[in-house]
Amino acid sequence: MKQKILELLKEQEDYLSGQMISEKLHVSRTAVWKAIKQLKEEGYVIDSVNNRGYRLVEAADVMNEAEVVSQLATNWLGRPLRYFDEIDSTNEYLKREAAGGLIHGTVALANEQTAGKGRLGRSWSSPTGSSIYISYLLRPDIAPIHASMLTIVAALATARAIEDTTGLNAGIKWPNDIVVNKHKVCGILTEMSSDMDRIQYVIVGIGVNVNMTEFPEEIKETATSLRLETGEVVRRAPLVAKMLFFFEHYYELFLKTEDLSGLLADYNAHLVNKGKQVRIVERTGEWTAIAEEMDEKGELVVTLPDGTKKNIISGEVSVRGLYGYV
Ligand code: BTN
């Protein structure tokens, strides 16, 4: 009912009377009044004027299942979508449930994580109400060694969604950090369960710093949020809907060839390392090179000081920019 009232208010530019709403939805005036009160408590700014009714002034940054689902433009991703006000980690949740047969495309989304996980065993700061913590459960029929490419699919899709919703330029630091003005706004953690030749599932977990204004000491210098970069509160639900839309699009392109050839042009257009000097940190030592482009296997092509080209495989090395975070 709340959701239906919200839809009616969104359709209407002028005031909508309580009487009109109660007739359209076949509910009492008191029920309408109660639902409006709840919507206000959730953060919607609704103007009520005697004898005129209600008007939606501002759709707040409300993120819940109904708000996201009503904006979804996907065929299979996010269908179903499981929303949590609080969870340990959306990746862990899907992992626990995957054995029970969750279907390809299931998405877990949370308003807060109490044990958010980052890469390399780090934790991922996940305070309540200000960011997006989301994971996609995928069951692709591809070779397990190709699964890491899904992280790259997710990076490109998320960068496109951020650009579309905020107008910011979102770059990608190879392979999969998203940066705005040289600071990280998004991280991706992909986990897989597979046999030697067959994938059981892949979980792509994405954390986007949306409306955070403060960060833990360790990442203060390198992190930013969409709010800090735009100077405005960014609504999460439309951004989530766009992230799912672009992921579905690029995922389908990826499946056609089981490599990144269909995404290369878009990905490389977002690559912030391009033409920059990078320091490659390997177990055996460190050296510098100029980053060129990513290739269809997801490898970073670099030029060494002697002019020869070399491919860098993600996971084996870490690439750090020499100048600042990027
Ligand atoms: C990184 O270290 O850059 C990756 C961070 C990934 C964070 C996301 S938030 C949603 C999902 N659930 C988790 O526990 N981690 C990922």
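No experiment lies behind these values; they were computed from the predicted model shown.

(A) Representation of the environment of Arg236 in the model. Here Arg236 is to be found in helix H8 (residues 236–257). Considering only alpha carbons, one finds Arg236 and Lys297, 61 residues apart in sequence, at a separation of 32 Å. Not counting the four nearest positions on each side in its chain, Arg236 is found in contact with Asp61, Met63, Asn111, Gly129, Ser130, Ser131, Ile132 and Val210.

(B) Fine view of helix H1 (residues 2–11). Those residues of H1 lying buried are Ile5, Leu6, Leu8 and Leu9. Axial view of H1: buried residues confined to an arc of 160°, hence all on one face. Of the exposed residues in H1, the ones pointing more than 90 degrees away from its buried face are Lys4 and Glu11.

(C) Region of interest: the site of the ligand. The environment of the ligand is made up of 19 residues, and the closest members are Ser89, Gln113, Lys117, Arg119 and Lys184. One of the side-chain N or O atoms of Ser89 is found 2.8 Å from an oxygen atom in the ligand. Between the ligand and the protein, one listed contact pairs an oxygen atom with a side-chain N or O atom of Lys184 at 2.8 Å. When the ligand is considered free in solution it has 420 Å² of accessible area, and contact with the protein chains removes 98% of it. Counting residues per element, the ones that place at least two in the shell around the ligand are helix H5 (90–98), strand S5 (132–138), strand S8 (183–194) and strand S9 (199–208). In terms of residue count, the dominant contributor to the shell around the ligand is S8 (four residues).

(D) Quick peek at the sheet that holds S5. A sheet is described by the order of its strands in space; here seven strands give the open sequence S3-S4-S5-S9-S8-S7-S6, paired in mixed fashion. If you trace the sheet from one side to the other, it starts and ends with strand S3 (81–84) and strand S6 (171–173), each paired once. Neighbour to neighbour, the strand axes of the sheet diverge by 20° on average, direction disregarded. Relative to S9, S8 is paired through nine bridges, and the arrangement is antiparallel.

(E) Fine view of the pattern of salt bridges. Tallied over the entire structure, the rule returns 17 salt bridges. With a closest N to O distance of 2.8 Å, Asp88 and Arg96 form a salt bridge. On the accessibility criterion, Arg96 (46% relative accessible area) is partly exposed. Two residues, Glu293 and Lys274, come together in a salt bridge whose shortest N-O distance is 3.3 Å. Note that Glu293 is positioned in strand S11 (residues 285–294) and Lys274 in the loop between helix H9 (264–270) and strand S10 (277–282), a separation of 19 residues in sequence. A residue is classified by how much of its surface remains accessible, and Glu293, at 35% relative accessible area, is partly exposed. The exposure class of Lys274 is partly exposed, given its relative accessible area of 40%. Each member of the salt-bridge network shares a partner with another, and the members are Glu92, Lys95, Lys117 and Glu191.

(F) Expanded view of the packing of aromatic side chains. Scanning all chains against the criterion turns up seven aromatic pairs. Between the aromatic rings of Phe246 and Tyr250, the centroid separation amounts to 6.5 Å while the plane-to-plane angle is 20°, which identifies the pairing as stacked. Taken together, the residues Phe246 and Tyr250, both in helix H8 and four residues apart, mark about one turn of the helix. Taken individually, Phe246 and Tyr250 each receive the classification buried, so the pair is uniform in this respect. Put simply, the rings of Trp76, Tyr136, Phe247, Tyr251 and Phe254 touch in pairs and so form one group of aromatic residues.

The rules behind each value
- Residues numbered from 1 in each chain as written.
- Predicted model: local features only at pLDDT ≥ 70, side-chain atom pairs only at ≥ 80, totals over all residues.
- Heavy atoms only, no water.
- Helix = DSSP H or I, 4+ residues; strand = E, 2+ residues; numbered from the N terminus.
- Contact = heavy atoms within 4.5 Å.
- Buried < 20%, exposed > 50% of the residue type's maximum accessible area, 1.4 Å probe, protein only.
- Arc of directions from axis to C-beta.
- Near = heavy atom within 4 Å.
- Polar contact = N/O pair within 3.5 Å; in protein donor to acceptor, adjacent residues only side chain to side chain.
- Areas by Shrake-Rupley, 256 points an atom, 1.4 Å probe, with all protein chains shown as cover.
- Pairing = 2+ DSSP bridges.
- Axes fitted to C-alpha atoms, helices over the stretch in contact; angles between N-to-C directions.
- Salt bridge = Lys/Arg side-chain N within 4 Å of Asp/Glu carboxyl O.
- Phe/Tyr/Trp six-rings, centres within 6.5 Å; stacked < 30°, edge-to-face > 60°.

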